[in-house]
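# Fold and geometry: a report
Letter by letter, the chains look like this.
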Amino acid sequence: MKRRVVSLASLASLSLACTNPDSVPSDAAVADAPEVTPTDRGPAVVAQPDEHPPCDRRNPLREPYFGDLHVHTQLSFDAIAYDIRSGPDEAYAFARGESIGLPPYDAAGTPSRRVRLARPLDFAAVTDHSEYLAETALCHDPSSPAYASRTCVTYRNAEGVITPLSLGLAGFYNNARPPVCSGIPAEACPNTFDRIWQGVQDAAERAYDRTSACRFTSFVGYEWSGSPGGSNAHRNVIFRNRTVPRSPASFFEATTAERLWAWIQSVCLDSGTGCDALAIPHNGNLGAGRMFVPVNDSGAMYTREESTRRARIEPVAEIYQHKGASECLRGRGDPLASEDERCDFEALTPPLCAGTPDDPPGCTPVCTASASATFTGTCSHPRDFLRGALRTGLREWQRTGADPFHLGVIASTDTHSATAGATDESTWEGHTGLADGTPERRLHAPPRGTPTVSTVTSSPGGLAVVWAEENSRPALFDALRRRETYGTSGTRILVRFFGGWSYPDALCADPELVRVGYRDGVALG
């Protein structure tokens, strides 16, 4: 299939191509278009039993489990653009130790590359973008009524994520869906969406080891992919059990993170059905200053109640993945930045500019309120990084008595090749299919400002580590909620921490260290 990279200069022409039949609806037409909501198609939440026997290996003092909570498959509009042909079932099988094929494919559909984990994961969640689940399927199914639309044709011929579909995530079309589904039978998109979301759940169910052996845990999840102005405000939504909403809220139903939290609260947490969920902020290094700001959608500073809700729904954040690290940002021009030289580890951008004549060439400007298109790496803000967020949270705790950024951390891959947990640098085959399908592409960083992520800019990504009593959904989810987690850059190092004021000096030599650590203080997170 012929592919091309679409530049920002092409956005105007692309917006004219996003149509079926031949004209783009007016802004008013898009805004007024009827929208199918979850409640239009039945109960908002489908309650299902999720029984699991006690695990044979259960430790009340907890053990570390390694996993990946940020995995994309062919169901994601950007992954399939890289010719990824593996779905959730294959991603979970790979996480459990089976091999997976990668492009390029020959005429018979045989992959040219196969990869396998040296050591299987303990848990994983497939988190395909909820945006365009239906449109992606319809655009790639030759029998669908939307297949020949100009939007679908343009999308299939574009390599990278700057496509007609991406424009909707950046706020074009008045935060409505691009018109892939206009002009086709009204039921096609919602029916396709329901079928695929059910398939996501079914794949997680097939992968979950419900025996007492507890070899592998899967979670139902998805990625909410709001990208205001081209920035990255994404969240991965992870559900505790099989009781999940009939349809996930995408950026088009919940156009801000605050509206996503309100949806999680009302549709899931307060539904009385047993539905439970949390949201994990995406690696914040592309946030353009928007990721960790204690201001609500009305522009007012958080109240204590708003901070408390955010901390409950977002207990952990992603500190590392294949797009680099978001622990801290070097620079002297902002009080939330750091002079720690170790902040250069897997940094996506150079240190911040201080705004002085002494700024080195190539320093990174601080994002302003109007910053946009930060997937190009043209600006950064230290408050999007975890150290900056934690400092901001402490300041908010002093102001209101509640910390909205009381965050634990995890790492994951954000793979777009369905290769959950593929972090071994010596055997890494890339995370974006054809886009980094050769050693040359994996080794070459794109020029700064290039509006594509078709070349990997950092690393194979990291792993999430959870301290839990056993390898089951309830135990792992509870650990995420209490923040007893950490992230690694792909290695399997063991980290444990306890803090308190009354520990005896000889505790490190005490065989009861862990028991005393829990009893007399607080654990990691």
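Above this text you will find the structure in question.
Scope of this entry: the structure provided in the associated data block.

Core analysis: the biggest nonpolar cluster contains 74 residues, and Y222, F239 and I264 have the highest contact counts within it. Considering every element that reaches this core, the biggest residue donor is helix 8 (residues 188–207), with 9 residues. Not counting the four nearest positions on each side in its chain, I264 is found in contact with V237, L269, A277, A279 and I313. By size, the runner-up hydrophobic cluster in this structure holds 18 residues, among which are F123, I238, L278 and A468.

A few words on the pattern of salt bridges. Applying the stated criterion to the full structure yields 25 salt bridges. Linking R210 and E205 is a salt bridge whose minimum nitrogen-to-oxygen distance equals 2.7 Å. For E205, a relative accessible area of 23% translates into the label partly exposed. Residue R310 pairs with E314 through a salt bridge whose shortest N-O separation is 3.5 Å. By the burial criterion, R310 is buried, and E314 matches it. Salt bridges linked by common partners bring D50, E205, R210, R242 and R473 together as one network.

Right, let's get into the side chain of H52. Along the chain, H52 turns up in the loop between strand 2 (45–46) and strand 3 (63–71). Exposure remark for H52: the relative accessible area of 18% places this residue in the buried category. A polar side-chain atom of H52 sits 2.8 Å from the main-chain carbonyl oxygen of D209. Once you skip the residues sitting within four places of it in the chain, H52 turns out to touch Y208, D209, R210, T211 and C214.

This part is about the sheet that holds strand 11 (residues 277–281). Picture the strands of a sheet paired through backbone hydrogen bonds; they go either parallel or antiparallel. An order of 11-9-8-6-3-15-16 is seen for the 7 strands of this open sheet, with the pairing classed as mixed. Looking at strand neighbours, the two that pair on one side only are strand 11 and strand 16 (485–488), the edges of this open sheet. Pairs of neighbouring strands in the sheet enclose a mean axial angle of 30°, with direction left out of account. Relative to strand 9 (residues 235–239), strand 8 (residues 217–224) runs antiparallel, the two sharing 4 bridges. Bridge pairing links E223 to N236 in strand 9. Strands in contact with helix 4 (residues 88–95) are strand 3, strand 6 (123–126) and strand 8; relative to strand 6, the strand with the most contacts, it is inclined by about 160°. Sitting on the sheet, helix 9 (residues 257–269) is in contact with strand 8, strand 9 and strand 11, with an inclination near 10° to strand 9.

So, about the packing of aromatic side chains. Per the counting criterion, the structure on display carries 11 aromatic pairs. Residues F77 and Y132 carry aromatic rings whose centres are separated by 5.3 Å and whose planes lie at 85° to one another, so their mutual orientation is edge-to-face. Linking F77 in helix 3 (residues 77–81) with Y132 in the loop between strand 6 and helix 5 (133–139), this pair joins segments that are 55 residues apart in sequence. The burial state of F77 is the same as that of Y132; both residues are buried. Measuring from ring centre to ring centre gives 6.5 Å for W197 and F239, while their planes differ by 65°; the resulting arrangement is edge-to-face. Within this pair, whereas W197 is found in helix 8, its partner F239 is found in strand 9, the two being separated by 42 residues in sequence. Site record: aromatic cluster; members linked through ring pairs are F77, Y132, W224, F251 and F252. Over the ring of Y147 we find R156; its NZ or CZ atom is 3.7 Å from the centre of that ring.

Criteria and thresholds
- Residues numbered from 1 in each chain as written.
- Predicted model: local features only at pLDDT ≥ 70, side-chain atom pairs only at ≥ 80, totals over all residues.
- Heavy atoms only, no water.
- Core = buried A, V, L, I, M, F, W, Y, C linked by side-chain atoms within 4.5 Å.
- Buried < 20%, exposed > 50% of the residue type's maximum accessible area, 1.4 Å probe, protein only.
- Helix = DSSP H or I, 4+ residues; strand = E, 2+ residues; numbered from the N terminus.
- Contact = heavy atoms within 4.5 Å.
- Salt bridge = Lys/Arg side-chain N within 4 Å of Asp/Glu carboxyl O.
- Polar contact = N/O pair within 3.5 Å; in protein donor to acceptor, adjacent residues only side chain to side chain.
- Pairing = 2+ DSSP bridges.
- Axes fitted to C-alpha atoms, helices over the stretch in contact; angles between N-to-C directions.
- Phe/Tyr/Trp six-rings, centres within 6.5 Å; stacked < 30°, edge-to-face > 60°.
- Lys NZ or Arg CZ within 6 Å of the ring centre and 35° of its normal.

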